[in-house]
Amino acid sequence: MRAENVVLGCGIAGAFAAYTIAREGGEVLVIDRMTVGRGATPNSAGVITVHLDLEEEVLLAVRSIELYHELARGRELGELGLRNTGFLTIMNGEELDEYSETLRSLGIHTKVYDGRELKEMYPDLVIYYDEGGVWSGIDLVCEPRRMIGALRNIVSEHGARLLKAEIAGVKWGEDGIDYVLLGDGTRISGDRYIVALGPYTSRVTGIQYPHIILRCPAFKFRLNLRGSLPAFEDDVFSSYWRPSNHSTIVGGGYTADFIEDPSEAYTIPGKRHLKFTLKLIKRRFKEEVHPELIEGWTGPCSLTEDLSPIAGRIRGNTYMVEGLRGYGLMLGPALSEAVAMMALGKKPPINISAYSPGRFGHPAP
Ligand SMILES: Cc1cc2nc3c(=O)[nH]c(=O)nc-3n(C[C@H](O)[C@H](O)[C@H](O)COP(=O)(O)OP(=O)(O)OC[C@H]3O[C@@H](n4cnc5c(N)ncnc54)[C@H](O)[C@@H]3O)c2cc1C
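Everything numeric here is computed off the predicted structure, so don't read it as measured data.

### So, helix 8 (residues 328-343)
1) Next: Within helix 8, 15 of the 16 residues are buried, which leaves the element mostly enclosed by the surrounding structure.
2) Next: Of the residues one or two after helix 8, G345 is the one with positive phi, at around 80°.

And the structure:
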């Protein structure tokens, strides 16, 4: 089997790489095992915000949000499992102006609320006397399983061919990948390859780069609410939440376990993580909300040594997008668009040279 462009993996990174190639008029085949519930994307919490620490990542998140809208064009966002909720960061009052100014300097419209205003707006939250919040309106949330299913359908409507298959490995040559070997022995060759296998990248392709894999938990709680809730980051107690359906919230605290193999990533969060998360909820929500655990799950996150993603050319005809840590829904679309544009020999809308795989030497085997 042959295709001009072959994308390995169809999580958030692969889906947007394939979409970009199809949008630019290229012929593209995307291969993914598409096992329900596996991969980082369907197991994520579904927060897509521009409230990130690094300015260059904020700009990537802004571009990613534009791309979600671009992909949804002609449809309601809801058909993609996406919702425009805006996003609030609750933080120490002293940091509000500086934080808001940073976002504004990047072209993001923000509002700053003092603690009294937040208490009125969100009667279920405990807001301490020295706290306030920075709000922006462009941020999205999603139901990740629905979203990735819908994205795959839309990507195929744009002309990408989706192949549900297990990738057994790849054959490397002088100029990058020679062919992709499927589990049933089929060989697939292309002019260019984009590797978007997330935490499975090393195992499947042999590409080497310093990284670790974490098993990250997320939770869904039902709350007895009096008012509405924002999608928010609690910068003071270190947790993040988004509203879901029927008075539920999804998110958690920043805890995780190291794992060796991404297949170990899918379990039920340990008691330690649940206890920790409940502690954070109790600090931020009023007692009357009575959090009731609906479900908890875990998924893989991969982090590079310098914590920045890897996006760019590996060797010759082969490119990759990986190391999206807990921010793949925010950074992945923009990075994948840029990588796909590079692969097609076109100018990416955002300069991603800082994420070049070359910073780790020669990752290709
Ligand atoms: C609990 C949790 C919460 C998170 N919350 C958020 C959040 O709120 N916001 C956010 O931005 N990010 C969040 N993340 C991070 C986000 O999920 C990841 O950064 C992102 O999904 C990575 O996308 P990816 O496309 O690189 O990898 P993946 O989604 O893992 O995609 C890789 C694809 O490759 C396929 N594949 C792998 N091996 C093979 C093979 N041998 N053959 C065929 N196919 C194969 C897999 O099926 C998969 O579809 C969270 C992650 C976790 C675990």
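### Here's the deal with the site of the ligand
1) Next: With respect to spatial proximity, 40 residues lie near the ligand, and among them G9, G11, G198, G299 and G328 are the closest.
2) Next: For the shell around the ligand, the secondary structure elements donating two or more residues are helix 1 (12-23), strand 2 (28-32), strand 13 (211-222), strand 18 (292-304) and helix 8.
3) Next: Of all the elements, helix 8 adds the most residues to the shell around the ligand, at four residues.
4) Next: Here the residues of the shell around the ligand are counted per class, giving 22 nonpolar, 13 polar and five charged.

### A word on the environment of G206
1) Next: Inspection of the secondary structure puts G206 in the loop between helix 6 (201-205) and strand 13.
2) Next: Classification of G206 as partly exposed rests on a count of 13 C-beta atoms within 10 Å.

### Quick word on the packing of helix 1 against helix 5 (residues 144-157)
1) Next: In contact at an axis separation of 10 Å, helix 1 and helix 5 are set at 20° when each is read in the N-to-C sense. Overall, the two elements helix 1 and helix 5 adopt an arrangement that is roughly parallel. As for the relative orientation of helix 1 and helix 5, their crossing is left-handed in sense. Of the residues in helix 5, those in contact with I12, A15, A18, Y19 and A22 of helix 1 are I148, L151, R152 and V155.
2) Next: Classifying every residue of the contact of helix 1 with helix 5 gives eight nonpolar, no polar and one charged.

### What about unusual backbone geometry?
1) Next: Here S247, not a glycine, exhibits a phi torsion of approximately 55°, which is positive.
2) Next: For S247, the position within the fold is in the loop between strand 15 (239-243) and strand 16 (248-253).
3) Next: Here H290, not a glycine, exhibits a phi torsion of approximately 40°, which is positive.
4) Next: Relative to the assigned elements, H290 resides in the loop between helix 7 (271-284) and strand 18.

### Looking at the environment of G185
1) Next: Relative to the helices and strands, G185 resides in the loop between strand 11 (176-182) and strand 12 (187-195).
2) Next: Spatially, the C-alpha atom of G185 lies 9.5 Å from that of I167, the residues being 18 residues apart in sequence.

### Brief notes about the domain arrangement of the protein
1) Next: Under the domain assignment used here, the protein contains domain 1 (2-47 + 144-209 + 307-360) and domain 2 (114-132 + 212-304).
2) Next: A straight line from the C-alpha centre of domain 1 to that of domain 2 covers 30 Å.
3) Next: In this complex, domain 1 contributes 18 residues to the contact, which on the side of domain 2 involves 18 residues.
4) Next: For the side of domain 1 that touches domain 2, a count of residues per class yields eight nonpolar, seven polar and three charged.

### Overview of the sheet that holds strand 8 (residues 140-142)
1) Next: Across the sheet, three strands lie side by side as 3-8-4; this open sheet has antiparallel pairing. For this open sheet the edge positions go to strand 3 (47-48) and strand 4 (82-84), each flanked by a neighbour on one side alone.
2) Next: Sheet analysis places strand 3 next to strand 8, joined by two bridges and oriented antiparallel. The partner of V47 across the bridge, within strand 8, is V141.

### Observations concerning the pairing of strand 5 (residues 87-92)
1) Next: Within strand 5, five of the six residues are buried, which leaves it mostly tucked inside the rest of the structure.
2) Next: Of the pairings in the sheet, the one linking strand 5 to strand 7 (residues 131-136) comprises six bridges and is antiparallel in character. Paired with M91 across the strands is G132, a residue of strand 7.
3) Next: Both strand 5 and strand 14 (residues 232-234) contribute to a ladder of three bridges, which runs parallel. What sits directly across from I90, in strand 14, is D234.

### Focus on the nonpolar core
1) Next: Membership of the largest hydrophobic core comes to 106 residues, with the highest contact counts inside it found for L8, A17, A18, V30, I194, L335 and V339.
2) Next: The dominant element in this core, judged by the number of residues it contributes, is helix 8, at ten residues.
3) Next: Taken domain by domain, this core gets at least three of its residues from each of domain 1 (2-47 + 144-209 + 307-360) and domain 2 (114-132 + 212-304).
4) Next: Counting residues in each nonpolar core, the second largest holds six residues, with A40, I213, L214 and C216 among its members.

Procedures and definitions
- Residues numbered from 1 in each chain as written.
- Predicted model: local features only at pLDDT ≥ 70, side-chain atom pairs only at ≥ 80, totals over all residues.
- Buried ≥ 20, exposed ≤ 12 C-beta atoms within 10 Å, placed from the backbone.
- Helix = DSSP H or I, 4+ residues; strand = E, 2+ residues; numbered from the N terminus.
- Near = placed C-beta within 6 Å.
- Nonpolar A, V, L, I, M, F, W, Y, C, P; charged D, E, K, R; others polar.
- Axes fitted to C-alpha atoms, helices over the stretch in contact; angles between N-to-C directions.
- Parallel < 35°, antiparallel > 145°, perpendicular 65-115°, else oblique.
- Left-handed = near helix turned anticlockwise from the far one by under 90°.
- Contact = placed C-beta atoms within 7 Å.
- Domains from an automatic or database assignment.
- Pairing = 2+ DSSP bridges.
- Core = buried A, V, L, I, M, F, W, Y, C linked by C-beta atoms within 7 Å.

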